[in-house]
Amino acid sequence: MHGETVFAMEPVLCRQQGEIERDRTGLSSRFLLPGLLGHPRHVQSARVRAPVEARVGRPTDRRARRKASAMASAIDGKGRGRSVSSVRVRTARGTLVKMKPQTHVQHSPRGDLAITFSGGGARAAYQVGVLRGLARHVTGLRPVILPEAIDELAHLWSQLTVDQVFHVGPLSLGRNVLRWGARLMSGGVPGAPKVRGLLDTAPLRALLEQGLASNDGEIVGIAKNLERGSLKAIALTTINFSTGQTVTWVQGSEILDWERPLRRSVRTKLTVDHVLASAALPFMFPAVRLGNSWYGDGGVRLHAPLSPAIHLGARRILAVSTRYQPTHEEADRPAVYGYPAPAQVAGILLDAIFLDLIDQDALVLERLNRLLGLLPRQEWGDLRPVDLLVLRPSQDLDKLAAEFESRLPRGIRFLTRGLGGHETSRPALLSLLMFLPEYLQPLIRIGEADVEARRDEIRAFLTD
């Protein structure tokens, strides 16, 4: 339920058009966009492939592909587009490429727009509020963000409870805790109990299957939005626990694949299993099997969270983080006194893994943009400037979670207090699990208010 999942995930949405850029300095990203899947939902980033029958990599190849794309719509004597099913063209390297025509797409002179979400468990309710604010207060995003779909998503989140995400009964929690304890004390002897996640997320699977209107697991709303041209691609990022590779699962059109030793993209039809895998916070939630391997939350090793958006061709990125930016005075104020409790340490580690990297990645992107501004255009090579706007909470969401700790179900409260979750004034670990309407509804309102407060800035960023 963290960075890449249905409820805190990190999916990616891009409008059609724009060049696919090279890896830059390894920038990478995950995404989430409820409202385009057909029903409320979140997703994370993944890797990209294009509807081409072979990879092409040189500038001459890209020119050939653009030529093929133009040929895909033949113009008659009256200047009207005549649809063509596909065009085959041979590139300078002799590679045969099959291009599919683009339809229902209005190209932006400023290039593709990507909306990325960094996740954060229950804190993702803030991102839902941002989406509702964009739908209500910022024009120009239709049909990318539909107010009706976002209102439905906000209603789902505002009523979400812990037992809809994972089992909270004493029997389920006690059994998992005992298994983990026995495993730790077994010394690895044969017959030691097998353990997966500390929490059983079977309720989350049922919620996703119902909310995503899946067909045999496939999220059918994605294909519909791709067909009508309001969506270019959507991506979910996971980590393969067998190989340690970060794998981005991508569904979309006119996108290219990428591959590095420790991260790669895979084109696929996204399913509920992909969403669950991207939400599988290590140790807390069980890993999910995809093919022959087991996968978990891709934020664990996603060191460049903006990269997937760039791979998907984005020239503008609207990044929504759930990390509050404290003042110097607030940052110097201790959240716990005395020896730090396990919950305090775990919360800092989780923020460092899932949330802090967006700031570092934004800094790298800003420096690259400045560097390109100092170079003649002919020396850019495959690099292109990418505009970035980061939205983050105006209030500390971790601190707000501390106010509702006593309202958690007894079993969860027992476990989190055992870790010292009640001993810190900013329980980051607790905020990930705070699926309570009393906590989620204020976060949605904060997200919408933050968009309204920066409405003019956002409109200027999105204006072609």
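Summary of the structure given here. (Residues numbered from 1 in each chain as written. Predicted model: local features only at pLDDT ≥ 70, side-chain atom pairs only at ≥ 80, totals over all residues. Heavy atoms only, no water.)

Attention shifts here to the pairing of strand β13 (residues 293-297). For β13, the buried fraction is high: four of the five residues fall into the buried class. Pairing geometry for strand β9 (residues 233-240) and β13, over three bridges, is antiparallel. By the bridge assignment for β13, Thr 238 is matched with Asp 297. Two elements, strand β12 (residues 288-290) and β13, share three bridges in a ladder whose sense is antiparallel. Counted as the bridge partner of Arg 289 is Trp 294 from β13. (Buried < 20%, exposed > 50% of the residue type's maximum accessible area, 1.4 Å probe, protein only. Helix = DSSP H or I, 4+ residues; strand = E, 2+ residues; numbered from the N terminus. Pairing = 2+ DSSP bridges.)

Now for a nonpolar patch on the surface. A contiguous nonpolar patch, built from Val 300, Val 345, Leu 349 and Ile 353 and spanning about 290 Å² of accessible area, is present on the exposed surface. Structurally, the position occupied by Val 300 is in the loop between β13 and α8 (307-311). Val 300 gets classed as partly exposed once you look at its relative accessible area, which sits at 31%. (Patch = residues over 30% accessible without salt bridge, like charges linked within 9 Å, V, L, I, M, F, W, Y side chains within 5 Å. Areas by Shrake-Rupley, 256 points an atom, 1.4 Å probe, with all protein chains shown as cover. Salt bridge = Lys/Arg side-chain N within 4 Å of Asp/Glu carboxyl O.)

Moving on: helix α11 (residues 357-374). Taking 1.5 Å per residue as the helical rise, α11 with its 18 residues ought to reach 26 Å, and the 26 Å between its terminal C-alpha atoms agrees with that figure. Listed in full, the buried residues belonging to α11 are Ile 358, Asp 361, Ala 362, Leu 365, Leu 368 and Leu 372. Buried residues in α11, looked at end-on, bunch into an arc of 125°, giving them a common side. Packed against the buried residues of α11 are α8, β14 (314-320) and β15 (387-391). (Expected span 1.5 Å × (residues − 1). Arc of directions from axis to C-beta. Contact = heavy atoms within 4.5 Å.)

Right, let's talk about the pattern of salt bridges for a bit. Per the stated rule, a full pass over the model turns up 16 salt bridges. With a shortest N-O distance of 2.8 Å, Arg 123 and Asp 398 are connected by a salt bridge. Of this pair, Arg 123 sits in the loop between β6 (112-117) and α2 (125-137) while Asp 398 is found in helix α12 (residues 397-402), placing the two residues 275 residues apart along the sequence. Accessibility expressed as a relative area gives 2% for Arg 123, which makes it buried. Between Asp 359 and Arg 323 there is a salt bridge, and its shortest N-O distance comes to 3.4 Å. Residue Asp 359 is located in helix α11, and its partner Arg 323 is located in the loop between β14 and α9 (328-332); the two are separated by 36 residues in the primary sequence. For Asp 359, a relative accessible area of 26% corresponds to the partly exposed category. Judged by its relative accessible area of 21%, Arg 323 falls in the partly exposed class. Residues participating in the shared-partner salt-bridge network are Arg 132, Arg 136, Asp 151 and Glu 448.

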